[in-house]
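# Close look at the chain arrangement
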Amino acid sequence: MARLAKQIGTFSKAHGGAEGQVAYIGERGARIVLVGEDGGWGDLVATSYEIAQQAVQKSGITVHEDFDGEFAAKVTTGPYEWKRMAGIQLGGPRNG
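Worth saying up front: this structure is predicted, and the values here are computed from it rather than measured.

Turning our eyes to something else, we now look at the pattern of salt bridges. What the rule picks out here adds up to two salt bridges. Here Asp-43 ties to Arg-31 by a salt bridge, and the two come within 2.6 Å at their closest N and O atoms. Residue Asp-43 is found in strand E3 (residues 41-46), and its partner Arg-31 is found in strand E2 (residues 30-36); the two are separated by 12 residues along the sequence. Note on Asp-43: relative accessible area 38%, which makes it partly exposed. The exposure class of Arg-31 is partly exposed, given its relative accessible area of 33%.

Here's what the structure looks like:
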């Protein structure tokens, strides 16, 4: 948990601050999605939802219940994201 909190803090420092959201992903644990004040984003995986919650609390970032609305709008996407995640819907090359 301490290592995750440190990684979250490092991300936050590198991006001018950060906010996050914790999502349960089944047996694998929980995903911590991080969004920096500069629009940069990333994620980490914890072995349990409880550990993820403890890590974000220890790091001091703002935590959201859902990844939507104003929080999701803070994410900056670039050509890579458009190609890999939205390309098929927009007539781009197939992923695969």
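Here the narrative resumes.
A few words now on the sheet that holds E2. Read from one edge to the other, the open sheet built from four strands follows the order E3-E2-E1-E4, with strand pairing classed as mixed. In this open sheet, the two strands that pair with only one neighbour each are E3 and strand E4 (62-64). Taking the axes of each pair of neighbouring strands and ignoring which way they run, one obtains an average angle of 25° across the sheet. Note: strand E1 (residues 18-24) against E4, three bridges, orientation parallel. Looking across to E4, one finds that Glu-19 is bridged to Thr-62. In this fold helix H1 (residues 2-14) packs onto E1, E2 and E3, with an angle of close to 175° to the strand it touches most, E3.

A few words now on the side chain of Ser-48. One can find Ser-48 in the loop between E3 and helix H2 (49-59). Those residues in contact with Ser-48, other than ones at most four positions away along the chain, are Gly-29 and Ala-30.

What follows deals with the nonpolar core. Core analysis: the biggest nonpolar cluster contains 15 residues, and Ile-8, Ile-32 and Leu-34 have the highest contact counts within it. Of all the elements in the fold, those that place two or more residues in this core are H1, E1, E2, E3 and H2. Ranked by residue count, the leading element in this core is H1, at four residues. What Leu-34 contacts, discounting residues up to four positions off in sequence, is Ile-8, Phe-11, Glu-19, Gly-20, Gly-40, Trp-41, Gly-42, Leu-44 and Ile-61.

Glancing now at the confidence of the model for the chain. When pLDDT is averaged along the chain, the result is 86; 83% of the residues meet or exceed 70. The secondary structure element of the chain with the lowest average pLDDT is helix H4 (residues 79-86), at 66, and the one with the highest is H2, at 96.

As a further point, take the packing of aromatic side chains. In this structure the tally under the stated criterion is one aromatic pair. Ring centres 5.1 Å apart and planes at 80° place the aromatic pair Phe-67 and Phe-71 in the edge-to-face group. Look at Phe-71 and you get buried, because its relative accessible area is 3%.

Conventions used here
Along each chain, residue indices are assigned from 1 in the same order as the chain's sequence is written. Local features in this predicted model are restricted to residues of pLDDT 70 or higher, and side-chain atom pairs are both shown and tallied only at a pLDDT of 80 or more, whereas totals for entire chains, interfaces and linings draw on every residue. To obtain the side-chain values, all non-hydrogen atoms of the structure were included, while hydrogens and water were left out. Should a side-chain nitrogen of Lys or Arg be within 4 Å of a carboxyl oxygen of Asp or Glu, the pair is scored as a salt bridge. Secondary structure is summarised from DSSP: a helix means a run of H or I of at least four residues, a strand means a run of E of at least two, and numbering begins at the N terminus for each. Accessible area is worked out with a 1.4 Å probe on protein chains only. A residue is then buried under 20% of its type maximum, exposed over 50%, and partly exposed in between. By the convention used here, strands pair only if DSSP detects at least 2 bridges between them. Each axis is a line fitted through C-alpha atoms, and for a helix only the stretch in contact is used; angles between axes span 0 to 180 degrees, taken between their N-to-C directions. Contacts are assigned to residue pairs that have any heavy atoms within 4.5 Å of one another. Here, nonpolar core means buried Ala, Val, Leu, Ile, Met, Phe, Trp, Tyr and Cys residues that are tied together by side-chain atoms lying within 4.5 Å of each other. A residue's pLDDT is simply how confident the predictor is in it, with values from 0 to 100. Aromatic rings from Phe, Tyr and Trp, with only the six-membered ring used for Trp, were paired whenever their centres fell within 6.5 Å, and each pair was classed as stacked if the ring planes differed by under 30 degrees, edge-to-face if by over 60, and tilted otherwise.

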